[in-house]
Amino acid sequence: MSTTKKINSALISVFYKDGLEDLVKKLHEQKVTIYSTGGTEKFISELGIPVVPVEEVTDYPSILGGRVKTLHPKVFGGILNRQDNESDVAQMEAYAIPQLDLVIVDLYPFEKTVASGASEADIVEKIDIGGISLIRAAAKNFKDTVCISSTQDYAELLQLITEQDGCTTLEDRKKFAAKSFHVSSNYDTAIFNYFNTEDTYYKESKADGQVLRYGENPHQKGLFFGEFDAIFTKVHGKELSYNNLLDVDAAVNMMEEFKNDGPTFAILKHNNACGLASRPTLKEAYLDALAADPTSAFGGVLMGNKKMDLATAEEVNKLFCEVVIAPGYDEDALAVLTQKKNRIILIKKDVELPSKMVRTCLNGLLVQDRDNITDSEEIIKTVTLTAPTEQEIKDLIFASKICKHTKSNTIVFAKDGQLIASGTGQTSRVDALMQAIEKANTFGLSLKGAVMASDAFFPFPDCVELADKAGITAVIQPGGSIKDELSIQYCNENKVSMVFTGVRHFKH
């Protein structure tokens, strides 16, 4: 039997009518018998196209406020029958079941209803029963039936039946079936996540992956699954790469700590801040962020927490950078920044970031809550005889915010609202400290009177001793080591102030 099938009949029942008119007209032109229900039936009828109400087939009206319309053997028999099965063919004839070659169905907007803040009663009413059943039935029987479950597929089907004189191949039908099973699984996942209260269950469904130029390296394939446009408006530049997206993610998370502060600018490279400063103006913040490590800033991702003005843009424009992010731009600032055709310019929207963090691990996933604790003056506890000054407390909190978003093991030095240097991603905390000291010295930044932040406790006093000798006068760390007293004792003997937060901020 030929695997190419002619469409002679269609069941159409959709919530959204957008884009349906041209397809219905083509089906009518090709002499396809159309069956429909409710609002879709009315829509087709008003186009002047003959349509058979499903009630005429089932001899049963729509009941229970529209909850039951198509759930009937004469509908599902027409979809699920196997045309090469003699018993099925005989039963179709015996029970006068019409053949349905094409099913066009979409689903009630469950996710949009949840997002709108509707009541539970309204949300539950948007759990589709008939539609999801029709989609699964038609997709299951792809050998004989075409299933269209999204308005996004109307154009493709229209092109196919136009070019193939109302026919589809097995390959066509199987492809539409795969799309339909995606629609149904995505829908069920959304419903499950609405009802789920168990942390030990995790389901997520993402569609429309964006194909990237490549992955982390040119030999790796890369895709991004997410709603980028929900977070950013892209106003200029080339397509973002896999590595760009990782750096943008790091920048957004870092700047979340400073979004309510005064003008602050961050420069990131390989997911870590190589420069960050808070100043009276965004231009000053940028220049002092750049001063911390102008070498690493080359090719980095830049982000400010305030609308970017011309003065800041003119300074930024002097640096080769991949991405610039801000909550907005003055027109003259944009005119300057867009002079480099490949430079990516993004406007960051004020949206809430996901509450869960997910990454692959071995043959599964690791899921954890976002680290939503930001160290503050309210939670720190002075554990030394010498207390930090008011300015040191400000700098300690500033340094801690940066430390939280820097790869472990990390040490961060800061002074007067400026990142002086950091040691990142080291296997030893001492190594991270030595790296930070060396970097500060390399760029001529004095550590005298600076503060130090650590993402985890000090098991030995060596770090505070090295920091003190480098010029550090105050330290912030979680505490919690069985040998905390050794570090406290050194600080007391050398008049270094130290505060504990009680909160570790590892980042791996």
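See the structure above.
Residue numbers here run from 1 along each chain, matching the order of that chain's written sequence. Reporting in this predicted model follows two pLDDT cut-offs: at least 70 for local features of residues, and 80 or more for side-chain atom pairs to be given and counted; totals over whole chains, interfaces and linings ignore these cut-offs and use all residues. As a rule here, side-chain values come from all non-hydrogen atoms in the structure, and water together with hydrogens is ignored.

A.B. asks: When you look at unusual backbone geometry in this model, what are you seeing that I'm missing?
C.D. replies: Trans peptide bonds make up most of the peptide bonds, and negative phi angles are found at most residues other than glycine. Following Ser408, the chain continues to Asn409 via a peptide bond in cis, the omega torsion being -15°. You will see that Ala96, though not glycine, has its phi angle at about 55°, which is positive. Only DSSP runs of H or I with at least four residues qualify as helices, and only runs of E with at least two residues qualify as strands; both kinds are numbered from the N terminus onward. Structurally, Ala96 is set in the loop between helix H5 (86-94) and strand E5 (102-105). Positioned with a positive phi, Asp165 is a non-glycine residue whose angle comes to about 55°. Secondary-structure assignment places Asp165 in the loop between helix H9 (154-163) and strand E7 (167-168).

A.B. asks: How should the pairing of strand E11 (residues 264-269) be read in this particular structure?
C.D. replies: The side chains of a regular strand alternate, residue by residue, between the two faces of the sheet. For the exposure calls, accessible area comes from a 1.4 Å probe over protein chains only, and a residue counts as buried if that area is under 20% of its type's maximum, exposed if over 50%, partly exposed in between. For E11, a buried count of five out of six residues is recorded, marking the element as mostly surrounded by other parts of the structure. Strands are treated as partners if at least two bridges between them are detected by DSSP. Bridge count between E11 and strand E12 (residues 272-278): six bridges; the pairing is antiparallel. Bridged to Ala266 within E12 is Leu276. Connecting the antiparallel pair E11 and E12 is a turn made up of two residues, with His270 showing a positive phi of about 50°. Sheet topology note: the E11/strand E13 (residues 300-304) ladder contains four bridges and is antiparallel. What sits directly across from Ile267, in E13, is Leu302.

A.B. asks: What am I meant to see in helix H19 (residues 462-470) here?
C.D. replies: Every α-helix carries 3.6 residues per turn, so stepping three or four residues along brings you back to the same face. Among the residues of H19, those classed as buried are Cys463, Val464 and Ala467. End-on view of H19: buried residues confined to an arc of 95°, all on one side of the axis. Residues count as neighbours in contact if any of their non-hydrogen atoms are within 4.5 Å of one another. For H19, the elements touching its buried residues are helix H18 (429-442), strand E21 (451-454), strand E22 (474-477), helix H20 (484-493) and strand E23 (497-500). Gly471 lies just past H19 and shows a positive phi near 120°. Think of it as the arc spanned by the lines of direction from the helix axis to the C-beta atoms.

A.B. asks: Is there a simple way to think about the environment of Ser116 in this case?
C.D. replies: Residue placement: Ser116 occurs in the loop between helix H6 (110-115) and helix H7 (120-125). Judged by its relative accessible area of 54%, Ser116 falls in the exposed class. When the C-alpha positions of Ser116 and Phe192 are compared, they lie 18 Å apart, and in sequence the two are 76 residues distant.

A.B. asks: Just checking my understanding: could you explain helix H1 (residues 20-29) for this structure?
C.D. replies: Among all positions in H1, only Leu20, Leu23, Val24, Lys26 and Leu27 are buried. Each buried residue of H1 sits inside an arc of 160° when the element is viewed along its axis, so together they form one side. Opposite the packed face of H1, turned more than 90 degrees from it, sit the exposed residues Asp22 and Glu29. Positive phi shows up at Lys31, right after H1, with a value of about 65°.

A.B. asks: Looking at this structure, I do not really get the side chain of Arg173. What am I missing?
C.D. replies: In this fold, Arg173 is placed in helix H10 (residues 170-195). Positive charges are assigned to Lys and Arg, negative charges to Asp and Glu, while His and the chain termini are left out of the count. What counts as a salt bridge is simple: a side-chain nitrogen of Lys or Arg found within 4 Å of a carboxyl oxygen of Asp or Glu. Buried and unpaired, Arg173 has no salt bridge, with Asp144 as the nearest side chain of opposite charge at 5.8 Å. In this structure Arg173 touches Thr3, Thr4, Lys5, Phe142, Lys143, Asp144, Thr145, Val146 and Thr168, once residues within four positions along its chain are discounted.

A.B. asks: I keep staring at the pattern of salt bridges and nothing clicks. Help me out?
C.D. replies: Close approach of charged atoms allows side chains of opposite charge to pair. Under the definition given, this model contains 23 salt bridges. A salt bridge links Lys25 to Glu21, with the nearest nitrogen and oxygen atoms 2.7 Å apart. Placement of the pair is Lys25 and Glu21 together in helix H1, with a separation of four residues, close to one helical turn.

A.B. asks: Sorry if this is basic, but what is going on with the pairing of E13 here?
C.D. replies: Taking burial as the measure, the five residues of E13 include five buried ones, the bulk of the element. Burial along E13 is two-sided: the residues Gly300, Leu302 and Gly304 and Val301 and Met303 are all buried. Bridge analysis of E13 against strand E14 (residues 321-326) gives four bridges, and the strand direction is parallel. Paired with Met303 across the strands is Ile325, a residue of E14. For the handedness criterion, the strands are oriented away from the viewer, and a crossover whose path from the first strand over the helix to the second runs clockwise is classed as right-handed. This β-α-β element, E13 to helix H15 (residues 310-316) to E14, shows right-handed connectivity.

A.B. asks: Looking at this model, I keep getting lost on a nonpolar patch on the surface. Mind explaining?
C.D. replies: Patches here are clusters of residues that have more than 30% relative accessible area and form no salt bridge, with a 9 Å joining cutoff for like charges and a 5 Å cutoff for nonpolar side chains (Val, Leu, Ile, Met, Phe, Trp, Tyr). Here the Shrake-Rupley method, with its probe set to 1.4 Å, supplies the accessible areas, and only the displayed protein chains count as covering residues. Together, Tyr202, Val358, Leu365 and Val367 give the surface a local cluster of nonpolar side chains, amounting to about 330 Å² of exposed area. Relative to the elements of secondary structure, Val358 occurs in strand E16 (residues 356-361). A relative accessible area of 40% places Val358 in the partly exposed class.

A.B. asks: Can you help me understand the packing of H19 against H20 in this one?
C.D. replies: When two helices pack together, their arrangement is given by the angle between their axes and by how far apart the axes lie. Fitting a line to C-alpha atoms yields each axis, with helices limited to the stretch in contact; the angle taken between N-to-C directions then spans 0 to 180 degrees. Here H19 crosses H20 at 25°, and the two axes come no closer than 9 Å. Classified by the angle between their axes, H19 and H20 sit roughly parallel to one another. Judged by the twist between their axes, the crossing of H19 over H20 is right-handed. Contacts between H19 and H20 involve Val464, Glu465, Asp468 and Lys469 from the former and Ser487, Tyr490 and Cys491 from the latter. Roughly parallel covers angles under 35 degrees, roughly antiparallel covers those over 145, roughly perpendicular covers 65 to 115, and oblique covers all other angles. In a left-handed crossing the near helix is turned counterclockwise from the far helix by less than a right angle, and in a right-handed crossing that turn is clockwise.

A.B. asks: I keep staring at the sheet that holds E5 and nothing clicks. Help me out?
C.D. replies: Strands pair in a sheet through their backbones, by hydrogen bonds, and they do so in one of two ways: parallel or antiparallel. Reading across from one edge, E4-E3-E2-E5-E6 is the order of the five strands in this open sheet, with parallel pairing throughout. The two strands at the open ends of the sheet, each matched to only one other strand, are strand E4 (52-53) and strand E6 (146-148). Strand direction decides the pairing type here: strand E2 (residues 9-13) and strand E3 (residues 33-36), joined by four bridges, are parallel. Bridge pairing in E3 places Ala10 opposite Ile34.

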